[in-house]
Amino acid sequence: MASASRAATPLLKDELDIVIPTIRNLDFLEMWRPFFQPYHLIIVQDGDPSKTIRVPEGFDYELYNRNDINRMLGPKASCISFKDSACRCFGYMVSKKKYIYTIDDDCFVAKDPSGKDINALEQHIKNLLSPSTPFFFNTLYDPYRDGADFVRGYPFSLREGVPTAVSHGLWLNIPDYDAPTQLVKPLERNKRYVDAILTIPKGTLFPMCGMNLAFDRELIGPAMYFGLMGDGQPIGRYDDMWAGWCTKVITDHLGLGVKTGLPYIWHSKASNPFVNLKKEYNGIFWQEELIPFFQSVSLPKDATTVQKCYLELAKQVRAKLGKVDGYFNKLADSMVTWIEAWDELNPPKGGVATANGPPKK
Ligand SMILES: O=c1ccn([C@@H]2O[C@H](COP(=O)(O)OP(=O)(O)O[C@H]3O[C@@H](CO)[C@H](O)[C@H]3O)[C@@H](O)[C@H]2O)c(=O)[nH]1
Ligand SMILES: [Mn+2]
């Protein structure tokens, strides 16, 4: 029996990496120190690699800048976005852990209605370690939470649930609105704390936000490509959306679950809506074609791994979205490059990674 004085080992301490994309000093970590300090951080520095990013003392981290990405991936680095938070997916690729938590550097510790600091990481871990129920909706929300269960009429044959691949958290204060909504509602703040966790039903897409997101890297990691965004691209701020749509059709196909709801973080900064509008406008237009595409995607029975599903998806993107805009041909190519790079850095157990090793600190 561990003595009361010895703190319990944090959940998944050696099985989870925290991935942070950044263009700024990481002072925000001070607020997260009680929750994050035991975990390893993977910092993906975007923008000018000659800039020094300050990381508070006492954190265990590896930091990758654009020079590291280019050195490690060579020509395949072309699939990793530059000057967009989409660069974070490089951290997913280089991690060696089973779980990932990714958070933006303008997200802080929120308080629950009782005034207690929310350990968002702990809640995501609980979400990932408990099953999902995508095949039949439980009206009393997450049946695996303390104080809840399956309601009358819920088939017993489905109560075991399925493995959870993704845990999608929410945000108090500045909500994740698109630029037009931010422009018409500049003062709107999300003050509503909803104490619920829902499995997103099979066959339903959702707008995945990368600000406060956790996932099982071994179950769904290769699908978490955040696309070609930012510098040199006709679209931005649809990185997490693209990843979420690809992820959801693949989790549906593989019988895995996606949850949304708790935990909340406190999002402190709304970026400039006019700048965001310039980045988003193609996405706002194209998504009216993208959503019907993803809703109609059918993956073959022999697509039994995430990589096989993803490569099939890339084929369908080229065939059906290439006519929407030439960008989607480039994106389809990058989807293939991403999988090639992923498999190079993550060979099957017993294989040898072929990248050029971790960065100098
Ligand atoms: O070129 C860049 C810009 C930013 N980052 C890092 O990415 C995250 C998000 O940056 P920021 O908080 O400034 O961006 P938001 O406008 O709030 O949007 C984010 O929230 C989601 C959409 O609402 C999505 O996650 C982001 O688009 C920070 O950590 C920045 O440091 C970057 O790496 N490169
Ligand atoms: Mn932000």
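Residues numbered from 1 in each chain as written. Chains lettered and ligands numbered in written order. Predicted model: local features only at pLDDT ≥ 70, side-chain atom pairs only at ≥ 80, totals over all residues. Heavy atoms only, no water.

Attention shifts here to the site of ligand 1. Surrounding ligand 1, one finds 20 residues, the nearest of these being Asp 105, Asp 106, Asp 176, Arg 237 and Ser 271. At 2.7 Å, a backbone N or O of Pro 21 approaches an oxygen atom of ligand 1. In isolation ligand 1 offers 650 Å² of accessible surface; the protein chains occlude 90% of this area. Across the shell around ligand 1, the residue classes tally to four nonpolar, four polar and 12 charged. (Near = heavy atom within 4 Å. Polar contact = N/O pair within 3.5 Å; in protein donor to acceptor, adjacent residues only side chain to side chain. Areas by Shrake-Rupley, 256 points an atom, 1.4 Å probe, with all protein chains shown as cover. Nonpolar A, V, L, I, M, F, W, Y, C, P; charged D, E, K, R; others polar.)

With that settled, consider the UniProt feature "site: Required for activity" (unreviewed entry) in the protein. The UniProt record annotates "site: Required for activity" (unreviewed entry) at Arg 152 and Arg 159. Among the structural elements, Arg 152 can be located in the loop between α4 (120–129) and β6 (164–173). Examined against the element boundaries, Arg 159 turns out to sit in the loop between α4 and β6. Its relative accessible area of 18% is what places Arg 159 among the buried residues. When near neighbours in sequence (up to four residues on either side) are disregarded, Arg 159 contacts Tyr 144, Phe 150, Val 151 and Tyr 154. (UniProt positions renumbered as here; feature names shortened; annotations may be inferred. Helix = DSSP H or I, 4+ residues; strand = E, 2+ residues; numbered from the N terminus. Buried < 20%, exposed > 50% of the residue type's maximum accessible area, 1.4 Å probe, protein only. Contact = heavy atoms within 4.5 Å.)

Bound to the manganese ion (ligand 2) are the protein donor atoms Asp 106 (OD) and His 267 (NE2), situated 2.0 to 2.2 Å from the metal. Linking Asp 106 in the loop between β4 (99–103) and β5 (107–108) with His 267 in strand β9 (residues 257–267), this pair joins segments that are 161 residues apart in sequence. Overall, the relative accessible area of 9% leaves Asp 106 in the buried class. (Donors = N, O, S within 2.8 Å, 3.2 Å for Na, K, Ca; no water.)

Attention now goes to the pairing of β4. In terms of residue burial, β4 counts as a mostly covered element, since five of its five residues are buried. Burial of β4 is two-sided: the residues Tyr 99, Tyr 101 and Ile 103 facing one way and the residues Ile 100 and Thr 102 facing the other way are all buried. Here strand β1 (residues 16–22) runs beside β4; their pairing, made up of four bridges, is parallel. Counterpart to Leu 16 in the pairing with β4 is Tyr 99. Taken together, the five bridges between β4 and strand β8 (residues 212–216) define a ladder with antiparallel strand orientation. In the strand pairing of β8, Thr 102 is matched with Leu 213. (Pairing = 2+ DSSP bridges.)

With respect to the helices, strands and loops of the structure, Ile 103 is situated in strand β4. Note: C-alpha distance between Ile 103 and Ile 20 (83 residues apart in sequence) is 5.7 Å.

Burial of strand β2 (residues 40–45) is extensive: six of the six residues sit out of reach of the surface. Burial along β2 is two-sided: the residues His 40, Ile 42 and Val 44 and Leu 41, Ile 43 and Gln 45 are all buried. Of the pairings in the sheet, the one linking β1 to β2 comprises six bridges and is parallel in character. Residue pairing for β2: Asp 17 is matched across the bridge by His 40. Tracing the backbone out of β1, into helix α1 (residues 29–36) and back to the parallel element β2 gives a crossover that is right-handed. For β2 and strand β3 (residues 60–64), the ladder comprises five bridges, and the chain directions are parallel. Bridging from a neighbouring strand, Ile 42 pairs with Glu 62 of β3. (Right-handed = clockwise from strand over helix to strand, strands pointing away.)

Turning our attention to the confidence of the model for the protein. Model confidence for the protein is summarised by a mean pLDDT of 95, while 94% of its residues fall at 70 or above. If you check the scores for this complex, the pTM reads 0.94 and the ipTM reads 0.96. (pLDDT = per-residue confidence, 0-100.)

To continue, consider the nonpolar core. Trp 242, Ile 250, Tyr 310, Met 335 and Trp 338 are the most contacted members of the largest nonpolar core, which has 68 residues in total. Take this core: its biggest share by element is 10 residues, from helix α10 (residues 327–345). Residues contacting Ile 250, with those up to four places away along its chain left out, are Ile 220, Ala 223, Leu 299, Val 306, Cys 309, Tyr 310 and Leu 313. (Core = buried A, V, L, I, M, F, W, Y, C linked by side-chain atoms within 4.5 Å.)

So, about the pattern of salt bridges. If you walk through the whole model with that rule in mind, you get 17 salt bridges. The partner of Asp 195 in a salt bridge is Arg 145, and the shortest N-O contact between them spans 2.8 Å. Taken together, the positions of Asp 195 in the loop between α5 (179–184) and β7 (197–199) and Arg 145 in the loop between α4 and β6 put the pair 50 residues apart, joining distant regions of the chain. Given the relative accessible area of 28%, Arg 145 is considered partly exposed. In this structure, Lys 315 engages Glu 312 in a salt bridge whose closest nitrogen and oxygen atoms are separated by 3.6 Å. (Salt bridge = Lys/Arg side-chain N within 4 Å of Asp/Glu carboxyl O.)

To continue, consider the packing of helix α7 (residues 239–254) against helix α9 (residues 306–321). As a packed pair, α7 and α9 sit with axes 11 Å apart at the nearest point and diverge in direction by 125°. Relative to α9, α7 is oriented oblique. The handedness of the crossing between α7 and α9 comes out as right-handed. Contacts between α7 and α9 pair Trp 242, Cys 246, Val 249, Ile 250, His 253 and Leu 254 from the former with Val 306, Cys 309, Tyr 310, Leu 313, Val 317 and Leu 321 from the latter. The class makeup of the residues in the contact of α7 with α9 is 11 nonpolar, one polar and no charged. (Axes fitted to C-alpha atoms, helices over the stretch in contact; angles between N-to-C directions. Parallel < 35°, antiparallel > 145°, perpendicular 65-115°, else oblique. Left-handed = near helix turned anticlockwise from the far one by under 90°.)

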